[in-house]
Amino acid sequence: MAFILLSIWVQLGSFFFLLSGLIGDLLLIRLFLYLAYVMLLTNALLGSPPWPKILSVDQIAFSEVAMDSFVWAILSLYVHGSSLVALIWDERAPKLTDDEAALWRMMYRTGGLSARLFQDVVARHLHVVEVEAGDVVDTENFFFIIYRGRIELEVLEGKKFSHSRVLTSGEMFDLKSLGLVRTESIFDNSSVRCTALCPSKLFEIRKENLVKIAQNPLSKSLFQALLINNLMYIVESYREINHTRSENDNYCSKIFDPLEEWEQPESYRSGSGKALQRPLRHIWKGVRGSFGLPWPFSRHPVGLRQTQLPPPLRRDEYQKPL
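Owing to the predicted nature of the structure, the values given are computational and were not obtained by experimental measurement.

When you go through the protein chain residue by residue, the secondary structure sums to 9 helices and 8 strands. Here the protein chain holds 322 residues, and the buried ones make up 38% of them. Considering only contacts within the protein chain whose residues lie at least 6 apart along the sequence, 73% involve residues at least 24 apart. Summed over all atoms, the accessible surface of the protein chain reaches about 20,300 Å², with 58% contributed by carbon and sulfur.

In structure tokens:
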């Protein structure tokens, strides 16, 4: 039995295939797969020369081509190349309006949502509305986050008044619109009536769109963090920590302020909007940060594919299969 070495192009292709299996960053996986098929395509075009020659000794380059290798390489280059371009395109810095940027800063500080994801998942459903003192806010069809101003929220148990509190900048209503509490809860038998106490500026999202956003695997953890953050506001208000700000009509929460220097995402990180400014550093940091050896040299991360699991349906949403 004779052992031979295939061409240097096959060796390089195999090396890139190996790298794609050791890296956890999706962009780098696509990049290394793309480079692997570039090597295989080159090998096919050059006549599959034996090691260590660059060209085939038996034929002139391009005079004879293994058509099956050529076709599979071209198809694979298209599949991985188109995905690679899309992932690189995602790293662009998005263009947000001043109001959108303010809400993004709140969501970034609360749950780490990137500006690009905010633009694609949230901003397309977002409207900024202004209400005057005495206006009743439509909580039947919309969910709101207060940018500036004060809103009085009255909680009704059935049709009877239960209690009320004043909401200020950075707070959300109506919380049950998030759909994050799927079991029976205090939200089920209550409703709210909201009235502006002064001219106010609100971020508005239709409820049907909000449910899609809050249940989106890419943003679900963010809205869980927002819910917890808002519950903390409620606890603080009962402890009268926020009494001063509740009486200030022009109060705007610092959570909407421009990012401090120490808050800026590191430029090499995916989602920072600056990764393409220094692409080689971005790639190197991605390799270092996501490189992992197979078992038994390292432990495989648990649950990577399980983040897509949706929450259970509510009882009134369930339909028995036919």
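Moving on, there is more to tell.
Attention now moves to unusual backbone geometry. The omega angle of the peptide bond from W295 to P296 is 10°, so this bond is cis rather than trans. If you trace the backbone, P296 turns up in the segment after helix 9 (279–290).

This part takes up the sheet that holds strand 5 (residues 160–167). Judged by pairing direction, the sheet is antiparallel, and its 4 strands sit side by side in the order 2-7-4-5 without closing on themselves. Only two strands of the sheet have a single partner each, and these edge strands are strand 2 (136–137) and strand 5.

A few words on the pairing of strand 3 (residues 142–148). The buried fraction of strand 3 is high, at 6 of 7 residues. The pairing of strand 3 with strand 8 (residues 200–206) spans 6 bridges and is antiparallel. By the bridge assignment, I146 is partnered in strand 8 with L202.

The next point concerns the side chain of E100. Note on placement: E100 falls in helix 4 (residues 98–111). For the buried E100, which has no salt bridge, the nearest side chain bearing the opposite charge is R124, at an N-O separation of 10 Å. Of note is the side chain of E100, whose polar atom sits 3.1 Å from the backbone nitrogen of T97. If near-sequence neighbours (up to four positions away) are discounted, E100 is found in contact with F118, A123 and L126.

Turning to the UniProt feature "transmembrane region" (unreviewed entry) in the protein chain, a few remarks are in order. As annotated in UniProt, the feature "transmembrane region" (unreviewed entry) corresponds to residues 6–24 in the numbering used here. Annotated as 79% helix and 0% strand, the span residues 6–24 places its first and last C-alpha atoms 29 Å apart.

The rules behind the values
- Residues numbered from 1 in each chain as written.
- Predicted model: local features only at pLDDT ≥ 70, side-chain atom pairs only at ≥ 80, totals over all residues.
- Heavy atoms only, no water.
- Helix = DSSP H or I, 4+ residues; strand = E, 2+ residues; numbered from the N terminus.
- Buried < 20%, exposed > 50% of the residue type's maximum accessible area, 1.4 Å probe, protein only.
- Contact = heavy atoms within 4.5 Å.
- Areas by Shrake-Rupley, 256 points an atom, 1.4 Å probe, with all protein chains shown as cover.
- Pairing = 2+ DSSP bridges.
- Lys, Arg positive; Asp, Glu negative; His and termini not counted.
- Salt bridge = Lys/Arg side-chain N within 4 Å of Asp/Glu carboxyl O.
- Polar contact = N/O pair within 3.5 Å; in protein donor to acceptor, adjacent residues only side chain to side chain.
- UniProt positions renumbered as here; feature names shortened; annotations may be inferred.

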